[in-house]
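Residue-level listing of the chains:
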Amino acid sequence: MNIEKLTVFGAGKFGARLAFHIAYQNIDVTVYDRDYGLLEEARTRFREFADYYEQNFEASKENVEAALANIAYSMDITEAAGNAHLIIEAVAEDLAAKRNFYRELQKTAPKNAIFVTTSKGLDPEMLARISGRPNKFLTLHFTGNLKEILSIEVISLPNTREDILSSVVQFSEDIGMEVHVRHLEQQD
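In this convention, every chain numbers its residues from 1, walking through the sequence in written order. The model is predicted, so local features are restricted to residues of pLDDT at least 70 and side-chain atom pairs to those at 80 or more, both for listing and for counting; the totals for chains, interfaces and linings are taken over all residues. Values shown for side chains rest on all heavy atoms present in the structure; no hydrogens or waters enter the calculation.

Describe the overall build of the protein chain, and please don't skip the residues or the numbers.
Here a helix means four or more residues in a row that DSSP labels H or I, a strand means two or more in a row labelled E, and each is numbered from the N terminus. When helices and strands are tallied, the protein chain shows seven helices and eight strands. Across its three principal axes, the protein chain shows a C-alpha extent of roughly 50 × 35 × 30 Å. Should any heavy atoms of two residues lie within 4.5 Å, those residues are considered in contact. A fraction of 65% describes how many contacts in the protein chain between residues 6 or more apart in sequence connect residues 24 or more apart. For the protein chain, the accessible area works out to roughly 8,900 Å², and carbon and sulfur atoms hold 46% of it. His is not counted here, nor are the chain ends, while Lys and Arg score as positive and Asp and Glu score as negative. To locate a charge, take NZ of a lysine, CZ of an arginine, CG of an aspartate or CD of a glutamate. Of note, the protein chain has its 20 positive side-chain charges centred 6 Å away from the centre of its 29 negative side-chain charges. Note on areas: these come from Shrake-Rupley sampling with a 1.4 Å probe, and a residue is covered only by the protein chains present in the view.

Rendered as structure tokens:
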């Protein structure tokens, strides 16, 4: 699957940074959050990231403006999921919040969409089951700080389809990431 449109659910610092980096790679990104204030903060952060890219990565004004234009905002989960090929969940590390989020997302996300989580503190296999798509579910961990995402660890779970893993690895490479793949063993 060619990933051309994605949604980042969670407009906090990490979600916003990730969304901008992807939008800078000329990919349409929708940023979702239930909190209007966080979406407004994300708009401010995107401007800061644009300035940072100009100053530190010699990005042209045109390229950062194009990145900003590639970002859409939504407080409606159905609209945000829309026709996304990849859905990145960057929701707070709260199991109840993630359960509610995935319950809603199951009703609205396109059937072919791949789900990934950026969660580090919760059991990824449990999140995969909660997502309702354990065969289209992966975990992504990024290294680097909020200004520089240098590499990504793509974690394949026991039920993840190989073609889904390949699509996410290819996408990660396409957005300029150094990719490391790790396979989790089935837990009892």
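Lay out the environment of Leu 157 with the relevant residues and their values.
Examined against the element boundaries, Leu 157 turns out to sit in the loop between β7 (149–156) and α7 (162–174). Separated by 19 residues in sequence, Leu 157 and Leu 138 place their C-alpha atoms 6.4 Å apart. Apart from the residues lying within four places of it in its own chain, the contact partners of Leu 157 are Pro 124, Glu 125, Ala 128, Phe 137 and Leu 184.

Describe the nonpolar core, and please don't skip the residues or the numbers.
In a soluble, globular protein the nonpolar side chains are often hidden away together inside. The biggest cluster of nonpolar side chains holds 42 residues, and the ones touching the most others in it are Leu 6, Phe 20, Ile 22, Phe 46, Leu 86 and Val 154. Of the residues forming this core, the biggest block, seven residues, is contributed by helix α2 (residues 36–56). We define a nonpolar core as any set of buried Ala, Val, Leu, Ile, Met, Phe, Trp, Tyr and Cys residues linked to one another through side-chain atoms lying within 4.5 Å. Think of it in three bands: residues with accessible area under 20% of the maximum for their type are buried, residues over 50% are exposed, and the middle band is partly exposed, with areas taken using a 1.4 Å probe on protein chains only. Counting 21 residues, the second largest nonpolar core, distinct from the first, contains Tyr 32, Ala 80, Ala 128 and Phe 137.

An account of the packing of aromatic side chains is requested, with residue identities and associated values reported.
Any Phe, Tyr or Trp ring, taking Trp's six-membered ring, that has another such ring centre within 6.5 Å forms a pair; planes under 30 degrees apart are called stacked, those over 60 apart edge-to-face, and the others tilted. One pass over the structure, following the stated rule, counts 14 aromatic pairs. Centre to centre, the rings of Phe 20 and Phe 49 are 6.1 Å apart; their planes meet at 40°, and the pair counts as tilted. With Phe 20 in helix α1 (residues 13–24) and Phe 49 in helix α2, this residue pair connects regions lying 29 residues apart in the sequence. The same class applies to Phe 20 as to Phe 49, namely buried. Among the aromatic residues, those joined into a cluster by ring pairs are Phe 20, Tyr 24, Phe 46, Phe 49, Tyr 52, Tyr 53, Phe 57 and Tyr 73. Taking NZ or CZ as reference, Arg 17 lies 5.4 Å from the ring centre of Phe 49, over its face. Here, over-ring charges are defined by two tests on the NZ atom of lysine or the CZ atom of arginine: distance to the ring centre within 6 Å, and angle to the ring normal within 35 degrees. A cation sits over an aromatic face here: Arg 43 above Tyr 73, 3.7 Å from the ring centre.

Requested: an account of the pattern of salt bridges, with residues and values cited.
Each reported salt bridge corresponds to a side-chain nitrogen of Lys or Arg within 4 Å of a carboxyl oxygen of Asp or Glu. The full count for this structure, using the stated rule, is ten salt bridges. Lys 61 is the partner of Glu 54 in a salt bridge, and the nearest nitrogen-oxygen pair spans 3.8 Å. A salt bridge links Arg 182 to Glu 153, with the shortest nitrogen-to-oxygen separation between them at 2.9 Å. A residue pair is termed long-range when its members are at least 10 positions apart, and Arg 182 in strand β8 (residues 178–183) and Glu 153 in strand β7 qualify at 29 residues.

Outline the packing of α2 against helix α3 (residues 61–69), supporting the account with residue identities and numerical values.
The N-to-C vectors of α2 and α3 enclose an angle of 155°; their axes lie 9 Å apart at closest approach. By the angle class used here, α2 and α3 are roughly antiparallel. Considering the relative orientation of α2 and α3, their crossing is right-handed. Counting all contacts with α2, which are made through Phe 46, Arg 47, Ala 50, Tyr 53 and Glu 54, the residues of α3 involved are Lys 61, Val 64, Glu 65 and Leu 68. Amino acids outside the nonpolar list (Ala, Val, Leu, Ile, Met, Phe, Trp, Tyr, Cys, Pro) and the charged list (Asp, Glu, Lys, Arg) are all regarded as polar, and Gly is one of them. Partitioned by chemical class, the residues of the contact of α2 with α3 number five nonpolar, no polar and four charged. Think of each axis as a best-fit line through the C-alpha atoms, taken over the contacting stretch in the case of a helix, with angles from 0 to 180 degrees between the N-to-C directions. With respect to orientation, any angle under 35 degrees is reported as roughly parallel, any angle over 145 as roughly antiparallel, any angle of 65 to 115 as roughly perpendicular, and every other angle as oblique. Crossing handedness: left-handed means the near helix sits turned counterclockwise from the far one by under a right angle, and right-handed means the same turn made clockwise.

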